[in-house]
Amino acid sequence: MIRVIALAMVGLAAPLSAQPAATALKPTPAALNLFERDWVLMNWALKFYDKDRDILLEPAEAEAAATEFRKIADADGDGRVTTYEYRQAREFILARY
Ligand SMILES: [Ca+2]
Ligand SMILES: [Ca+2]
């Protein structure tokens, strides 16, 4: 359940990005939380989005990876990632990458 909550936060992060105060107060961006909570997603994110190859996922890199993950996961394209879609996407990533 914790993962789903984290993902929901990521989903909300994009439309809320116009409000800098909300994100500025967070020590760790929601996008980064998503990957820190799930090693499958972290490995995937590092493989494709660690642009400076320091084996660390900086907030900007996490944002890019989270955006791509949402694209992969949101199978019905309604802009939200359900628990089921999250699991499907995780399995897809685990099997393919
Ligand atoms: Ca990096
Ligand atoms: Ca969806």
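Residues numbered from 1 in each chain as written. Chains lettered and ligands numbered in written order. Predicted model: local features only at pLDDT ≥ 70, side-chain atom pairs only at ≥ 80, totals over all residues. Heavy atoms only, no water.

A. Structural detail: unusual backbone geometry. In this structure, Arg-53 is a non-glycine residue whose phi angle is positive, near 55°. Structurally, Arg-53 is set in the loop between helix 4 (39-49) and helix 5 (59-73). Even without being a glycine, Ile-55 presents a positive backbone phi close to 60°. Residue class for Ile-55 comes out exposed when judged on its relative accessible area of 65%. (Helix = DSSP H or I, 4+ residues; strand = E, 2+ residues; numbered from the N terminus. Buried < 20%, exposed > 50% of the residue type's maximum accessible area, 1.4 Å probe, protein only.)

B. Highlighting the side chain of Glu-85. Its place among the elements puts Glu-85 in helix 6 (residues 83-96). Contact partners of Glu-85, with chain neighbours within four places excluded, come to Ala-73, Asp-74, Ala-75, Asp-76 and Arg-80. (Contact = heavy atoms within 4.5 Å.)

C. Representation of the coordination of the calcium ion (ligand 1). Within the protein, Asp-50 (OD), Asp-52 (OD), Asp-54 (OD), Leu-56 (O), Glu-58 (OE), Glu-61 (OE) and Glu-61 (OE) serve as the donor atoms for the calcium ion (ligand 1), at 2.2 to 2.7 Å. Taking the relative accessible area as the measure of exposure, Asp-50 reaches 3% and is therefore buried. Judged by relative accessible area, Glu-58 falls into the partly exposed class, the value being 26%. (Donors = N, O, S within 2.8 Å, 3.2 Å for Na, K, Ca; no water.)

D. Fine view of the coordination of the calcium ion (ligand 2). In the first shell of the calcium ion (ligand 2), the protein supplies Asp-74 (OD), Asp-76 (OD), Asp-78 (OD), Arg-80 (O), Glu-85 (OE) and Glu-85 (OE), at 2.2 to 2.5 Å from the metal. Viewed at the metal, the six donor atoms of the calcium ion (ligand 2) are separated by angles of 53 to 156°, and the geometry they form is irregular. Read from N- to C-terminus, the donor residues coordinating the calcium ion (ligand 2) fall into the pattern D-x1-D-x1-D-x1-R-x4-E. Arg-80 matches Asp-76 in its accessibility class, with the two residues each being exposed. (Tetrahedral: all angles 85-135°; square planar, octahedral: opposite > 155°, others 65-115°.)

E. Representation of the environment of Leu-41. Along the chain, the position of Leu-41 falls in helix 4. For Leu-41, the contacting residues outside a window of four places in its chain are Leu-34, Phe-35, Phe-69, Tyr-86 and Ile-93.

F. Summary view of helix 4. Buried within helix 4 we find Val-40, Leu-41, Met-42, Trp-44, Ala-45, Leu-46 and Tyr-49. On its buried face, helix 4 sits against helix 3 (30-36), helix 5 and helix 6. A side-chain oxygen of the first residue of helix 4 lies 3.0 Å from the backbone nitrogen of Val-40; this N-cap is Asp-38. (Polar contact = N/O pair within 3.5 Å; in protein donor to acceptor, adjacent residues only side chain to side chain.)

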